[in-house]
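# Per-entry structural report
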Amino acid sequence: MRMSCRLSCRFAFLLVVFGAMCAAAQTAPATNPGDALPDAPQAQSGTDVTIRALPLNVLHDQGAIWTSPFHLRARDWKIVVPLVLATGAAIATDKRTLHNVVSLDPAFNRDNTNGSNLMMGGFIAAPVILYGVGHFQGNQHARETGLLGAEALMDGVVVEQGMKLIFWRERPNQDMGRGRFFQSSAGVDSSFPSSHCVLAWSTAAVIGGEYRNPWTQVLVYTGAAGISFTRLTGQQHFPSDILVGSAVGWLVGHYVYKHRHRFETRHTDVRSVSR
């Protein structure tokens, strides 16, 4: 009975968390139907996209993300419920998957962990590079992408750290891989959700939103999926940590893109927004 109660509370909280993220990500400023396919880039938000405005934008994002359970709509549950069910199934099979499916060879695990760290470095560097290119070459679109990528990374750090401190899940290398939740022994760098996945998918969602050509989409989402996969094969996280981290990361990045971007990517000749 005690275990059943804990599981029910855990899934209820997951429902709220996913609801918060989905509602925040799906909510966007109202637009005129006639502007659905504009002939020129149009501003999507009144908020400045500048380095100076970045801290305030992140603060605003966090307020919207964490309070959005109070603004859930019927369509949000179409995303929330499948995610929660998939997470529940992953949690139920976490330990078995890591021990029976994923290799336990230390050298293999180490190589995959190093690979995930290397790829993660690329996702962290991408916004900086894009901002630098945009700044020095006068490419406002690249500059915006760099700033929004940085904003999504900051939002992702706050969200994943908040969730880690709420769930306190043991890492796979702790307590014989039991993966228990609400254990203070898990420390500040607990397992749920995966930080790498949150940050990789938040950056990928922004870049994929800003640059919608197929090659960019394949590059960023394959890279994010690669990080998710290697965190698993490196025995760094349970499958549910990776599933939730990837979903939360994409939702954070999607939120930032939907609420901050000022350039439509339908045209290759992206022009500066009139101020």
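Quantities reported herein were computed from a predicted structural model and do not represent experimental measurements. (Residues numbered from 1 in each chain as written. Predicted model: local features only at pLDDT ≥ 70, side-chain atom pairs only at ≥ 80, totals over all residues. Heavy atoms only, no water.)

## Observations concerning the overall build of the chain
- Tallying secondary structure elements over the chain gives eight helices and zero strands in all.
- In sequence order, the chain lays out its α and β elements as α-α-α-α-α-α-α-α.
- Per-residue burial over the chain gives 49% buried out of 275 residues.
- Across the chain, every contact between residues at least 6 apart in sequence was considered, and the portion connecting residues at least 24 apart equals 80%.
- For the chain, the computed accessible surface area is about 13500 Å², with 64% contributed by carbon and sulfur atoms. (Helix = DSSP H or I, 4+ residues; strand = E, 2+ residues; numbered from the N terminus. Buried < 20%, exposed > 50% of the residue type's maximum accessible area, 1.4 Å probe, protein only. Contact = heavy atoms within 4.5 Å. Areas by Shrake-Rupley, 256 points an atom, 1.4 Å probe, with all protein chains shown as cover.)

## Overview of the packing of helix α4 (residues 106–137) against helix α7 (residues 214–233)
- Running from amino to carboxyl end, α4 crosses α7 at an angle of 150°, the nearest separation of the two axes being 8 Å. Regarding the angle of α4 to α7, the classification is roughly antiparallel. For the pair α4 and α7, the sense of crossing is left-handed. Only Val220, Gly223, Ala224, Gly226, Ile227, Thr230, Arg231 and Thr233 of α7 make contact with α4, whose side of the interface consists of Phe108, Asn109, Asn112, Thr113, Ser116, Asn117, Met119, Met120 and Phe123.
- Classifying every residue of the contact of α4 with α7 by side-chain character gives seven nonpolar, nine polar and one charged. (Axes fitted to C-alpha atoms, helices over the stretch in contact; angles between N-to-C directions. Parallel < 35°, antiparallel > 145°, perpendicular 65-115°, else oblique. Left-handed = near helix turned anticlockwise from the far one by under 90°. Nonpolar A, V, L, I, M, F, W, Y, C, P; charged D, E, K, R; others polar.)

## Focus: a nonpolar patch on the surface
- Taken together, Trp66, Val158 and Ile166 make up a surface patch of nonpolar side chains, about 230 Å² in accessible area.
- Mapped onto the secondary structure, Val158 falls in helix α5 (residues 140–167). (Patch = residues over 30% accessible without salt bridge, like charges linked within 9 Å, V, L, I, M, F, W, Y side chains within 5 Å. Salt bridge = Lys/Arg side-chain N within 4 Å of Asp/Glu carboxyl O.)

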